[in-house]
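Chain and residue survey
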Amino acid sequence: MVFISEEAKNKLISIMKKEGLSHHVSFIRFGVKTGGCSGLSYELTFDQKKQEGDSIFQYKEMKILIDQNSIPYLEGTTLEYSDGLSGKGFYFNNPKAKHTCGCGKSFSSS
């Protein structure tokens, strides 16, 4: 299971509306790919349909897609959003991340 903070949910809905998407129909796609300064990097995109191998999670009114390979890395993760003085944007609060880079966009689970 993955989670989305209230702030992140509100920002995602706002961005989706600007892009002509509805959170009732479209999906938020969470993913992990090889790369970044810590070995793995996060992906966050919108998607219109489920692909083969995707799992669907419902958190509050948000529908989340995660590919099968990313699930073990993201289980228990919360997508957060901050627009404070110390930084602005989305970030992942991942309890499985052992090391993260300074920008927070990549991590290592070992």
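Check the entry above for the structure.
These numbers were taken from a predicted model, which means no experiment stands behind them.

Taken in spatial order, the three strands of this open sheet run β1-β6-β7, and their pairing is mixed. Each edge of the open sheet carries a strand with a single partner, namely β1 (3-4) and β7 (87-93). Pairing analysis gives two bridges linking β1 to strand β6 (residues 78-84), with the strands arranged parallel. By the bridge assignment, Phe3 is partnered in β6 with Thr78. Together, β1, β6 and β7 form the strand contacts of helix α1 (residues 6-18), whose direction differs from that of β6 by roughly 80°.

With 13 residues, α1 extends 19 Å between its outermost C-alpha atoms, agreeing within 8% with the 18 Å of an ideal straight helix rising 1.5 Å per residue. Within α1, burial applies to Ala8, Lys9, Leu12, Ile13 and Met16. Along α1, the residues classed as buried sweep out an arc of 135° about the axis, all on the same side. In α1, the exposed positions angled more than 90 degrees off the buried face are occupied by Lys17 and Lys18. In this structure, the buried side of α1 is in contact with β1, β2 (27-34), β3 (40-47), β5 (62-67), β6 and β7. Two residues or fewer past α1, Gly20 is found with a positive phi of approximately 75°.

Our next topic: the nonpolar core. Counting residues in each nonpolar core, the largest one holds 22 residues, and the members touching the most others are Ile4, Phe30, Met62, Ile64, Ile66, Leu74 and Leu79. Listed by contribution, the elements that provide at least two residues to this core are α1, β2, β3, β4 (54-59), β5 and β6. The element contributing the most residues to this core is α1, with four residues. If sequence neighbours within four positions are ignored, Phe30 has contacts with Val2, Phe3, Ile4, Glu43, Leu44, Ile64, Leu65, Ile66, Asp67, Leu74, Leu79 and Phe92.

Of note, Lys60 is a non-glycine position whose phi angle comes to about 55°, a positive value. Tracing the sequence through the fold places Lys60 in the loop between β4 and β5.

Considering all chains together, one arrives at six salt bridges under this definition. Here Glu61 ties to Lys9 by a salt bridge, and the two come within 3.1 Å at their closest N and O atoms. Taken as a pair, Glu61 in the loop between β4 and β5 and Lys9 in helix α1 lie far apart in primary sequence, 52 residues in all. The exposure class assigned to Glu61 is partly exposed, which follows from its relative accessible area of 30%. A single salt-bridge network, built from bridges that share partners, covers Glu6, Lys9, Lys60 and Glu61.

Cut-off values and rules
Residues numbered from 1 in each chain as written. Predicted model: local features only at pLDDT ≥ 70, side-chain atom pairs only at ≥ 80, totals over all residues. Heavy atoms only, no water. Pairing = 2+ DSSP bridges. Helix = DSSP H or I, 4+ residues; strand = E, 2+ residues; numbered from the N terminus. Contact = heavy atoms within 4.5 Å. Axes fitted to C-alpha atoms, helices over the stretch in contact; angles between N-to-C directions. Expected span 1.5 Å × (residues − 1). Buried < 20%, exposed > 50% of the residue type's maximum accessible area, 1.4 Å probe, protein only. Arc of directions from axis to C-beta. Core = buried A, V, L, I, M, F, W, Y, C linked by side-chain atoms within 4.5 Å. Salt bridge = Lys/Arg side-chain N within 4 Å of Asp/Glu carboxyl O.

That's the geometry; what it means functionally is another story.
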